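# A closer look at the structure
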Amino acid sequence: MSSGDSRPIAIMAVVLSLADDELVRAMQTVKALQQAADLTGWTALGAMAQDGLGHALAYYRILADFGSDTPDQLAWLRPIRERRNTVLWELPVTGYGPPQVVRQYIYDLWDSVRLAGLATSAFLPLAERAASLQREVGYRLLQDERLLYEWAAAQDGINMLKTSIAHWLAWAGDVTRPPAPPELLEDTGIWPGVREAERQWQRQLLRFLSPFGITEVSALCPANGRAGQHTHYLEPMLEEWSNGYREIWPRRGADDRERRSYFRRVTASTGSGNPHA
């Protein structure tokens, strides 16, 4: 397959993983918001959910402009096996406390590393979007770190954080997995530096965790969401969120079905899994 033939595959794989991450993160954040104990939690989680949905929409629009489905079709009509989000965001969590913030810090740190590489992408719409989000993700990281340090200073805070960190690292193994073969992403220029990205994430995460007595980062991978492998939590969550759109979809006709057919043909050429999973 030539570089020209490979480019659409690389673009769709990367942008879908970005968009799906943000969508599932936003859905889980809304669930946590419903269980938040105070206005501070409500406000923080509400802002994060709104940001996540906005980012997901922006990424899906990149694919729509590239010739795939509409953003709503991409968000709500794709089967589970086509989803490319990390399973880290599929597990439920209650409220706004250390468990929620530890998970978002692990992910935000990866997002920061990922966006830095994608900001130099040869695909200009993706590069521009990644560059525009870097400052926002940097701000989120500062907020995450401030909260975690505050909780660590509380009575028994270190032990609580260590427990949360160990729990989420046991589900974080697919966070850094590339959504397509690394050589494809590098050769097409869609994601420069993808091979080094995981090591950068590990170094930065360890630098933050070492004051808590954690000297090694070992992320496990019970399921690889980048290859379409997901937990049992994802399907009912998507069904609940997509009900409204699915009700109106049959009445919308076939305006975009040719675009959907094109998208299917291109993504099908990658197979059902990721050979580098």
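Residues numbered from 1 in each chain as written. Predicted model: local features only at pLDDT ≥ 70, side-chain atom pairs only at ≥ 80, totals over all residues. Heavy atoms only, no water.

## Points about the overall build of the chain
Counting its regular elements, the chain contains ten helices and zero strands. Element order for the chain, N to C, with α for helix and β for strand: α-α-α-α-α-α-α-α-α-α. Counting across all 277 residues of the chain, residues that qualify as buried make up 52%. Of the contacts made within the chain by residues no fewer than 6 positions apart, 79% connect residues no fewer than 24 positions apart. (Helix = DSSP H or I, 4+ residues; strand = E, 2+ residues; numbered from the N terminus. Buried < 20%, exposed > 50% of the residue type's maximum accessible area, 1.4 Å probe, protein only. Contact = heavy atoms within 4.5 Å.)

## Quick look at the nonpolar core
One finds Y59, I106, L126, W201 and L205 to be the most contacted residues of the largest nonpolar core, which totals 70 residues. In this view, W201 contacts I106, L109, W110, V113, L169, T176, V217 and A219; residues no more than four positions away in its chain are not counted. (Core = buried A, V, L, I, M, F, W, Y, C linked by side-chain atoms within 4.5 Å.)

## A few points about the pattern of salt bridges
As enumerated under the stated definition, the model contains twelve salt bridges in all. The residue D111 makes a salt bridge to R114 at a minimum N-O spacing of 3.0 Å. Of this pair, D111 and R114 are both found in helix α4 (residues 98-118), three residues apart, which corresponds to roughly one turn of the helix. Here the residues in one salt-bridge network are D21, R25, D108, D111, R114, E136, R140 and R226, joined through shared partners. (Salt bridge = Lys/Arg side-chain N within 4 Å of Asp/Glu carboxyl O.)

## Observations regarding helix α5 (residues 124-153)
Given a rise of 1.5 Å per residue, 30 residues ought to cover 44 Å, and the 44 Å separating the end C-alpha atoms of α5 matches this to within 8%. The sharpest bend along α5 comes to roughly 35 degrees, located at Q134. Turning to α5, its buried residues number three or more, namely L126, A127, A130, L133, V137, R140, L141, D144, L147, L148 and A152. (Expected span 1.5 Å × (residues − 1). Bend = angle between axes of the 7 residues up to and from the residue.)

## Notes on the environment of N243
Residue position: N243 is located in helix α9 (residues 234-248). By relative accessible area, which is 42% here, N243 ends up partly exposed. Each C-alpha atom of the pair N243 and W76 lies 8.6 Å from the other, and the pair is 167 residues apart in sequence.

## Digging into the environment of L63
By the element assignment, L63 lies in helix α2 (residues 39-66). The sequence separation of L63 and V15 amounts to 48 residues, and the corresponding C-alpha distance is 7.3 Å. Contact partners of L63, with chain neighbours within four places excluded, come to I11, M12, V15, L16, S68 and L74.

## A look at the packing of α5 against helix α6 (residues 157-169)
In contact at an axis separation of 6 Å, α5 and α6 are set at 130 degrees when each is read in the N-to-C sense. Between α5 and α6, the angle is such that the two are oblique. Across the interface between the two elements, L148, W151 and A152 of α5 pack against G157, I158 and L161 of α6. The residue inventory of the contact of α5 with α6, partitioned by class, reads five nonpolar, one polar and no charged. (Axes fitted to C-alpha atoms, helices over the stretch in contact; angles between N-to-C directions. Parallel < 35°, antiparallel > 145°, perpendicular 65-115°, else oblique. Nonpolar A, V, L, I, M, F, W, Y, C, P; charged D, E, K, R; others polar.)

## Examining the confidence of the model for the chain
Looking at the chain as a whole, the pLDDT averages 86, with 85% of positions reaching at least 70. At the level of individual helices and strands, the chain shows its lowest average pLDDT in helix α10 (residues 257-268), which scores 52, and its highest in helix α7 (residues 182-187), which scores 96. Residue range residues 270-277 is modelled with pLDDT below 50. Its contacts to residues more than four positions away, or to other chains, number 16 contacts. (pLDDT = per-residue confidence, 0-100.)

## Focus: the packing of α4 against α6
For the pair α4 and α6, the least separation of the axes is 9 Å and the interaxial angle reads 50 degrees. What the angle tells us is that α4 and α6 run oblique. Here α4 runs over α6; the crossing is right-handed. Within the contact between the two elements, α4 uses P98, P99, V102, R103 and I106 and α6 uses M160, L161, S164, I165, W168 and L169. Residues of the contact of α4 with α6, tallied by class, amount to nine nonpolar, one polar and one charged. (Left-handed = near helix turned anticlockwise from the far one by under 90°.)

## Some points on the packing of aromatic side chains
Under the defined criterion, the tally for this structure stands at eight aromatic pairs. Aromatic pair Y105 and F208: ring centres 4.4 Å apart, planes at 40 degrees, arrangement tilted. A residue pair is termed long-range when its members are at least 10 positions apart, and Y105 in helix α4 and F208 in helix α8 (residues 194-209) qualify at 103 residues. An angle of 50 degrees between the planes, with centres 6.0 Å apart, marks the rings of W110 and W191 as tilted. Here W110 is found in helix α4, whereas its partner W191 is found in the loop between α7 and α8, with 81 residues between them in sequence. (Phe/Tyr/Trp six-rings, centres within 6.5 Å; stacked < 30°, edge-to-face > 60°.)

## With respect to the side chain of D144
Position of D144 among the secondary structure elements: in helix α5. Despite its burial, D144 remains without a salt bridge, the nearest opposite charge being carried by R140 at 5.8 Å. (Lys, Arg positive; Asp, Glu negative; His and termini not counted.)

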